[in-house]
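Listed below, chain by chain, are the residues.
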Amino acid sequence: MRATLSRTSSVDTDRAVNSKSNAWRAVIVGYAVATLGLVLLLTVNGVSGIPSVVSVATAILIAIGLLLPAAGMLQLRRAVGHDRSAARNGLALQATGLVGLLVGVLPLASSSSLSGLFVVSAILIVASAASALSGAILLRGHYADIGASDERRLNYLILATSLIFAGVGVILGSNVAASYFLSDVGNTVFSDAGAAIAASGC
């Protein structure tokens, strides 16, 4: 009987470890795809005559790059015990922030003026940044619950989250400034800088 229980416990533990490993893999791959999309954005931004398929491919890469880490965070959350509520809440906040960022940049990409849609986008991005950063900071105090070996990984997560949202904030600020005083060339330069900052966070 004890041997059976021991084997069952061992199998459950292995499943939990594999689930966490797969979840972290999705997070890493997602951020790599997002980096590729942002680098492509840097390449084509402000260049005339770019085929629409390139712009669509860039948007798809960035979308996948945000959705994959969010899915990984949620998968990791399922692998964490229900008694580890702080870790589970942190992962949920991280995932919510990434999905909110994706939804928030859609109006930003399609609106060139300070329309109501643009304002909603800005508010959503700020709220998503607060959610993602809160989740990362919460996870830092419970790194062992999510399979991290030490706090350094979570420090990197906090830094990465900060850079991603800071980069988007630069792009957002550049678009606002372009509506008042910033030239098209200046807007392109600042948007590229924002994309580079966000890419460095991935």
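About the criteria used
- Residues numbered from 1 in each chain as written.
- Predicted model: local features only at pLDDT ≥ 70, side-chain atom pairs only at ≥ 80, totals over all residues.
- Heavy atoms only, no water.
- pLDDT = per-residue confidence, 0-100.
- Contact = heavy atoms within 4.5 Å.
- Patch = residues over 30% accessible without salt bridge, like charges linked within 9 Å, V, L, I, M, F, W, Y side chains within 5 Å.
- Areas by Shrake-Rupley, 256 points an atom, 1.4 Å probe, with all protein chains shown as cover.
- Salt bridge = Lys/Arg side-chain N within 4 Å of Asp/Glu carboxyl O.
- Helix = DSSP H or I, 4+ residues; strand = E, 2+ residues; numbered from the N terminus.
- Buried < 20%, exposed > 50% of the residue type's maximum accessible area, 1.4 Å probe, protein only.
- Core = buried A, V, L, I, M, F, W, Y, C linked by side-chain atoms within 4.5 Å.

> Go over the confidence of the model for the protein chain, please, and point to the residues and values.
Looking at the protein chain as a whole, the pLDDT averages 78, with 80% of positions reaching at least 70. Contacts from residues 3-9, a stretch scored under 50 in pLDDT, to residues over four places away or in other chains number zero contacts.

> Which residues make up a nonpolar patch on the surface, and what values do they have?
Taken together, the side chains of Val 29, Val 56, Ile 60, Ile 64 and Leu 68 present a nonpolar region at the surface, about 380 Å² in accessible area. Per element, the largest residue contribution to the nonpolar patch is four residues, and it comes from helix H2 (residues 52-79). Of note, Leu 68 is situated in helix H2. What makes Leu 68 partly exposed here is its relative accessible area of 30%.

> Describe the nonpolar core, with residues and values.
If you look at soluble globular proteins, the nonpolar side chains tend to sit buried side by side. Leu 91, Leu 101, Leu 139, Ile 146 and Leu 157 are the most contacted members of the largest nonpolar core, which totals 34 residues. Secondary structure elements with two or more residues in this core: helix H1 (2-44), H2, helix H3 (85-110), helix H4 (116-140), helix H5 (151-178) and helix H6 (184-201). If sequence neighbours within four positions are ignored, Ile 146 has contacts with Lys 20, Trp 24, Leu 76, Val 80, Ala 87, Leu 91, Leu 139 and Leu 154.

> A description of the environment of Ala 166 should follow, citing residues and the corresponding values.
Along the chain, the position of Ala 166 falls in helix H5. Taking the relative accessible area as the measure of exposure, Ala 166 reaches 36% and is therefore partly exposed. Separated by 28 residues in the primary sequence, Ala 166 and Gly 194 have C-alpha atoms spaced 7.4 Å apart.

> Which residues make up the side chain of Ser 131, and what are the values?
Note that Ser 131 resides in helix H4. Among all residues touching Ser 131, those that are not within four sequence positions of it are Leu 93, Gln 94, Thr 96 and Gly 97.

> Lay out the environment of Ala 196 in plain terms, naming residues and giving numbers.
Of note, Ala 196 is situated in helix H6. Sequence separation of Ala 196 and Ile 164 is 32 residues, and the distance between their C-alpha atoms is 9.3 Å.

> Which residues make up the pattern of salt bridges, and what are the values?
With the rule as written, the count across this model stands at one salt bridge. The partner of Asp 83 in a salt bridge is Arg 84, with the nearest N and O atoms 3.9 Å apart. For Arg 84, a relative accessible area of 40% corresponds to the partly exposed category.

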